[in-house]
Amino acid sequence: MSVDNVTAVAPASSRRPWAVRGSVLAVAAAAGVVLLAGPAAAHVSVQPQGEAAQGGYATVNFKVPNERDDASTVKLEINFPADHPLTSVMPQPVPGWDVKVTKEKLDKPLESHGNKITEAVSKVTWTAEDKGVETGLFQQFPVSLGALPDDADQLVFKAIQTYDNKEVVRWIEEPTEGEEPESPAPVLALTAASGDGHGAASDDKAAKAGSGHGDGTEKASSEQAAADSSDSTARILAVVGILIGLAGVAFGVLSGRRRTTS
């Protein structure tokens, strides 16, 4: 057997390191894509304009992003917590959307400003009159609500998002300490009440927030911009991870071919 025939075929052991390296790189990149995909998935959330104080009133925004590339969000249903019924719920009109407020009788009547309250809002439903929330966009739905409970640190609102292709996404899982569920419900954090016992968010402040004026709106806008920036960064990193994974696979295959033909 000639020397050329001996060296024409490389031993299997000489090819393995390159193949293993390519496979490891591809697996690592794929793992990075999985890790990065989580933060990029936005969900229905709630954020106060200003602050939401225990015992007071506040205006909040329910933010609804569109997560689909081939469908628009055409309906949003927000279910209010039954364990902490709210006596005052007033949605702000949103152009292009019809709103419906549903009330239910209370098992135990409440007292508010000397009046006996026998029913409270159980849910608010917005239905698109046109295209709804299209791909790559989000919509905010402002609601003035109160009186906020003075014996709770947060309120959990279960949301149901419907797309025009009939897909329904239920954001109804309550978060647990140290772990975020796959389909988390919107959670409104409540701040401590002020010394006057009426909460830091007074009726006057709530009215200003609802009209879109005051420092609360600016704060909410900056927080919203930060959240949108975070989502965009995560999506970009996810795409980069995918490209790295493909490059790793291609590198492993080409390296194996070079060693085989050398």
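You'll find the structure just up there.
Residues numbered from 1 in each chain as written. Predicted model: local features only at pLDDT ≥ 70, side-chain atom pairs only at ≥ 80, totals over all residues. Heavy atoms only, no water.

### Some words on the pairing of strand E10 (residues 168–171)
Reasoning step 1: Residues Val169 and Trp171 line the buried face of E10, whereas the alternating positions Val168 and Arg170 sit on a face that is not buried.
Reasoning step 2: Relative to E10, strand E9 (residues 158–163) runs antiparallel, the two sharing four bridges. Bridge pairing in E10 links isoleucine 160 to arginine 170.
Reasoning step 3: Adjacent in sequence and paired antiparallel, E9 and E10 are bridged by four residues, among which lysine 166 carries a positive phi angle near 80°. (Buried < 20%, exposed > 50% of the residue type's maximum accessible area, 1.4 Å probe, protein only. Helix = DSSP H or I, 4+ residues; strand = E, 2+ residues; numbered from the N terminus. Pairing = 2+ DSSP bridges.)

### Overview of the pattern of salt bridges
Reasoning step 1: Scanning all chains against the criterion turns up two salt bridges.
Reasoning step 2: A salt bridge links arginine 68 to glutamate 167, with the nearest nitrogen and oxygen atoms 2.7 Å apart. Of the two residues, arginine 68 sits in the loop between strand E2 (58–65) and strand E3 (73–79) while glutamate 167 sits in the loop between E9 and E10, which places them 99 residues apart along the sequence.
Reasoning step 3: Among the residues examined, arginine 68 registers a relative accessible area of 24% and is labelled partly exposed.
Reasoning step 4: Judged by relative accessible area, glutamate 167 falls into the partly exposed class, the value being 26%.
Reasoning step 5: Here glutamate 77 makes a salt bridge to lysine 123, at a shortest N to O gap of 3.8 Å. Placement of the pair is glutamate 77 in strand E3 and lysine 123 in strand E6 (residues 115–128), with a sequence separation of 46 residues. (Salt bridge = Lys/Arg side-chain N within 4 Å of Asp/Glu carboxyl O.)

### Quick notes on the environment of alanine 128
Reasoning step 1: Positionally, alanine 128 belongs in strand E6.
Reasoning step 2: On the accessibility criterion, alanine 128 (16% relative accessible area) is buried.
Reasoning step 3: Between the C-alpha atoms of alanine 128 and serine 72, which are 56 residues apart in sequence, the distance is 9.8 Å.
Reasoning step 4: Setting aside residues up to four positions removed in sequence, alanine 128 forms contacts with Val74, Gly96 and Trp97. (Contact = heavy atoms within 4.5 Å.)

### Observations regarding the sheet that holds E2
Reasoning step 1: Spatially, the four strands line up as an open sheet ordered E1-E2-E7-E4, and their pairing is antiparallel. Strands with a single pairing partner mark the edges of an open sheet, and in this sheet they are strand E1 (45–48) and strand E4 (88–91). Between one strand axis and the next, the sheet turns by 30° as a mean value, whatever way the strands run.
Reasoning step 2: Here eight bridges tie E2 to strand E7 (residues 138–146), and the two strands are oriented antiparallel to one another. For asparagine 61, the partnering residue across the bridge sits in E7 and is proline 142. (Axes fitted to C-alpha atoms, helices over the stretch in contact; angles between N-to-C directions.)

### Some points on the environment of lysine 158
Reasoning step 1: Summarising the element assignment, lysine 158 is placed in strand E9.
Reasoning step 2: Taking relative accessible area as the criterion, lysine 158 reaches 36% and is therefore assigned partly exposed.
Reasoning step 3: Each C-alpha atom, one on lysine 158 and one on serine 45, is 9.9 Å from the other, the two residues being 113 residues apart in sequence.
Reasoning step 4: Sequence-distant contacts of lysine 158, defined by excluding residues within four places in its chain, comprise Glu77, Ile78, Asn79, Trp171, Ile172, Glu174 and Ala185.

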